[in-house]
Amino acid sequence: VQLQASGGGLVQAGGSLRLSCKVSGRAFSLYAMGWFRQGPGEEREFVASVSWTGNGKEYAESVEGRFTISKDNAKNTVYLQMHSLKPEDTAVYYCAIGTRRWGHTSSRGREYDDWGQGTKVTVSS
């Protein structure tokens, strides 16, 4: 399985970015997907998750209302649309695919068994 994340970059506070993660090597449409992030000197933390159907969504409290996760099964791609970015959103963002078919959302890293290489997001104040 390969997960290729992209879309990171440098943006000013209040700006927007859209991250993408293209998946190959697995039946993408049958799996939940997640986004996590790791800031400088911090542990990895959950950001958002989408169920295998794309209908169920879960967000970290810190991004609720600002970030939107979505899943395009035709393109084998999961997106993370980020608005109203803050300096504290600065991190390397990782996408991950769920461990089992027909999975629901999850904020726990152990529920995901393959991870992308990460894409860096820097928000300047």
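Relevant structure appears above.
In short, a report on the structure. (Residues numbered from 1 in each chain as written. Predicted model: local features only at pLDDT ≥ 70, side-chain atom pairs only at ≥ 80, totals over all residues. Heavy atoms only, no water.)

## Details of the sheet that holds strand S1 (residues 2-6)
By definition, the strands of a sheet pair up through backbone hydrogen bonds, in either a parallel or an antiparallel sense. Strand order in the open sheet formed by 4 strands is S1-S3-S8-S7, and the pairing between neighbours is antiparallel. Unpaired on one side and paired on the other, S1 and strand S7 (67-72) mark the two borders of the sheet. Mean inter-strand twist for the sheet, computed between neighbouring axes without regard to direction, equals 15°. As paired elements, S7 and strand S8 (residues 77-82) share 6 bridges and run antiparallel to each other. Bridge pairing links Asp 72 to Thr 77 in S8. (Pairing = 2+ DSSP bridges. Helix = DSSP H or I, 4+ residues; strand = E, 2+ residues; numbered from the N terminus. Axes fitted to C-alpha atoms, helices over the stretch in contact; angles between N-to-C directions.)

## Describing the state of the cysteines
For the structure on display, the rule yields 1 disulfide. Between Cys 21 and Cys 95 runs a disulfide, and the two sulfur atoms are separated by 2.0 Å. Of note, the bridge from Cys 21 to Cys 95 carries an S-S torsion of about 60° and is right-handed in sense. Pair noted here: Cys 21 is in strand S3 (residues 17-24) and Cys 95 is in strand S9 (residues 91-101), with a separation of 74 residues, a long-range link. Just as Cys 21 is buried, Cys 95 falls in that class too. (Disulfide = S-S within 2.5 Å. Buried < 20%, exposed > 50% of the residue type's maximum accessible area, 1.4 Å probe, protein only.)

## Concerning the side chain of Thr 119
By the secondary structure assignment, Thr 119 is in strand S11 (residues 119-124). Of the polar contacts made by the side chain of Thr 119, one reaches the backbone nitrogen of Gly 8; its length is 3.0 Å. When sequence neighbours within four positions are dropped, the list of residues in contact with Thr 119 reads Ala 5, Ser 6, Gly 7, Gly 8, Leu 19, Ala 91, Val 92 and Tyr 93. (Polar contact = N/O pair within 3.5 Å; in protein donor to acceptor, adjacent residues only side chain to side chain. Contact = heavy atoms within 4.5 Å.)

## Digging into the nonpolar core
Core analysis: the biggest nonpolar cluster contains 34 residues, and Met 33, Trp 35, Leu 80, Met 82 and Tyr 93 have the highest contact counts within it. For this core, the secondary-structure elements that each account for two or more residues are S1, S3, strand S4 (31-38), strand S5 (45-50), S7, S8, S9 and S11. With 5 residues, S9 is the single largest residue contributor to this core. Residue contacts for Tyr 93: discarding those within four places in its chain leaves Leu 19, Trp 35, Phe 36, Arg 37, Val 47, Phe 67, Leu 80, Met 82, Gly 118, Thr 119 and Val 121. (Core = buried A, V, L, I, M, F, W, Y, C linked by side-chain atoms within 4.5 Å.)

## Re the pattern of salt bridges
Counting across every chain of the model gives 6 salt bridges. Where Arg 26 meets Asp 113, a salt bridge forms, and the shortest distance between an N and an O atom there is 3.1 Å. Here Arg 26, found in the loop between S3 and S4, pairs with Asp 113, found in strand S10 (residues 112-115); they are 87 residues apart in sequence, far enough to count as distant. A salt bridge links Arg 108 to Glu 111, with the shortest nitrogen-to-oxygen separation between them at 3.3 Å. Classification of Arg 108 by relative accessible area gives partly exposed; the value is 40%. (Salt bridge = Lys/Arg side-chain N within 4 Å of Asp/Glu carboxyl O.)

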